[in-house]
Amino acid sequence: MSDAGNTSAPPAAWRQRPERSNMLMLRVMTWISLRLGRPAGRLVLYGIAAYFLLANAAARHASRDYLRRIALVPQVGWRHVFRHFLGFASCIHDRVYLINDKFELFDIHIHQEHLISELTTDQKGVFLMGAHVGSFEVLRAIGRRRPGLRVAMVMFEENARKINAALSAINPAAQQDIVALGHADSMLKVHELIESGSVVGMLADRCLNHDSTQPVPFLGESAEFPVGPFRMAAILRRPVLFMVGLYGGGNRYDIHFETLADFSSIPAGGRDAAVQAAMARYAELLETHCRAAPYNWFNFFDFWQPARRTPDATPVPPHV
């Protein structure tokens, strides 16, 4: 598609500084979680959330900005930001159990599962567009209910390396198909996955440096969303579902599937319009689910004004 009306994003705010990730700490947390149980592991989360509340001014600002936009409360205070950080820490912590297939620890509800069932019965692939909201790892519960379903993730190469390292730390035997963007054969690999009937997941709310973006209304103001994920789905002419796994507190997760777009029958010359419509629909669905579960938003940087203000931020570790 053409880039008419698109902008080239400035250096991505979420990549401005090194993340505060620590593989040793991840391994310690994994040991505590798997040896002492989820309740013991969750006690540590309060200290982690309190640390970021005190130490990361930019993340606090981003949290307050988002919570004000969501109109959650008239006055956003420290306890609201703490709850926001605690929700993030909880989802990261539960990744340990989800990657180790300990689904019995969770109360997982799947909404509109028939959408993905219908689209995968023809043995052709489907795209899932998610976001840094809630947990994408909880999608593994679908694999347990549908043996043989293959799910692959498409992500930036830097994130792919970090995810592989995290998987190795949590469970060396864990398998996850990851296609790293930026290589000459990246599109070919995605095409092969789609043709083999795989589900290909992408998180479509962050862009890489200088990627093409499109301003889309989101929570009361335009935000720049990356065009690339939607363009890829349009080129490969497959249906797209929106997917989000919302953390409901305790051990509750709700997986939601929503119809996003069907690029399988785009008329000649209609790709640009179809992509723009899909992006608008994506932002609408994202806003709906953010309002339903506001503490599940895990973009702790200036999401709305990257061109005007680059935060002096060390974002909390990205949720991928």
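Treat the numbers as computed from the prediction; the structure is a model and nothing was measured.

The next thing to look at is the environment of R60. Secondary-structure assignment places R60 in helix α3 (residues 57–69). For R60, a relative accessible area of 16% gives the class buried. Each C-alpha atom of the pair R60 and F300 lies 7.9 Å from the other, and the pair is 240 residues apart in sequence. When residues no more than four places from it in sequence are discounted, the contact partners of R60 are F52, L53, L54, A55, W78, V81 and F85.

The next point concerns the side chain of N296. Looking at the secondary structure, you find N296 in the segment after α10 (271–292). If we ignore the near neighbours within four places in the chain, the residues touching N296 are H132, V133, G134, G245, L246 and Y247.

As enumerated under the stated definition, the model contains six salt bridges in all. For the salt bridge of D254 with R252, the shortest nitrogen-to-oxygen distance reads 2.8 Å. For R252, a relative accessible area of 29% corresponds to the partly exposed category. Within the structure, one salt-bridge network assembled from shared partners comprises D65, R69 and E221.

To continue, consider unusual backbone geometry. Phi at Q112 is positive, roughly 60 degrees, even though this residue is not glycine. With respect to the secondary-structure elements, Q112 resides in the loop between β2 (107–111) and α5 (113–120).

This brings us to the pairing of strand β7 (residues 212–218). The pairing of β7 with strand β8 (residues 221–226) spans six bridges and is classified as antiparallel. By the bridge assignment, F218 is partnered in β8 with E221. Taken together, β7 and the strand that follows it, β8, pair antiparallel across an intervening segment of two residues, in which L219 is found at a positive phi of about 55 degrees.

Turning to helix α2 (residues 38–55), a few remarks are in order. Given a rise of 1.5 Å per residue, 18 residues ought to cover 26 Å, and the 26 Å separating the end C-alpha atoms of α2 matches this to within 8%. Of the residues making up α2, those classed as buried are R38, G41, R42, L45, A49, F52 and L53. Mapping the buried residues of α2 onto a view down its axis gives an arc of 125 degrees, with all of them on the same face. Exposed residues on α2 whose side chains face more than 90 degrees from its buried face are L43 and L54.

What follows is about the nonpolar core. Among the nonpolar cores identified, the biggest contains 89 residues, and F127, F218, F225, F257, Y282 and L286 are the most heavily contacted of them. Excluding residues within four positions of it along the chain, F218 makes contact with A223, F225, A283, L286, E287, C290, W297, F303 and W304.

Once that is clear, we can look at the pairing of strand β6 (residues 199–203). Most of β6 sits out of view: five of its five residues are buried. Residues V199, G201 and L203 of β6 are buried on one face, and the alternating residues V200 and M202, pointing to the opposite face, are buried as well. Examined bridge by bridge, strand β3 (residues 126–130) and β6 share five bridges and lie parallel to one another. Its bridge partner lying in β6, V126 is registered against V199.

This brings us to the environment of R144. Considering the arrangement of structural elements, one finds R144 in helix α6 (residues 140–145). A C-alpha to C-alpha distance of 8.7 Å links R144 and D101, two positions 43 residues apart in sequence.

Here we take up the packing of aromatic side chains. Counted by the stated rule, this structure contains 22 aromatic pairs. Ring geometry for F106 and Y253: centres 5.8 Å apart, planes at 75 degrees, overall edge-to-face. Here F106, found in the loop between α4 (78–99) and β2, pairs with Y253, found in strand β10 (residues 252–262); they are 147 residues apart in sequence, far enough to count as distant. Taken together, the aromatic side chains of Y66, F218, F225, F230, F242, Y282, W297, F301, F303 and W304 make up a single cluster linked through ring pairs. The cationic tip of R64 hangs over the ring face of W78; the distance from NZ or CZ to the ring centre is 5.3 Å. Here the guanidinium or amino end of R69 rests over the ring plane of W304, the centre of that ring lying 4.2 Å away.

Conventions adopted
Residues numbered from 1 in each chain as written. Predicted model: local features only at pLDDT ≥ 70, side-chain atom pairs only at ≥ 80, totals over all residues. Heavy atoms only, no water. Helix = DSSP H or I, 4+ residues; strand = E, 2+ residues; numbered from the N terminus. Buried < 20%, exposed > 50% of the residue type's maximum accessible area, 1.4 Å probe, protein only. Contact = heavy atoms within 4.5 Å. Salt bridge = Lys/Arg side-chain N within 4 Å of Asp/Glu carboxyl O. Pairing = 2+ DSSP bridges. Expected span 1.5 Å × (residues − 1). Arc of directions from axis to C-beta. Core = buried A, V, L, I, M, F, W, Y, C linked by side-chain atoms within 4.5 Å. Phe/Tyr/Trp six-rings, centres within 6.5 Å; stacked < 30°, edge-to-face > 60°. Lys NZ or Arg CZ within 6 Å of the ring centre and 35° of its normal.

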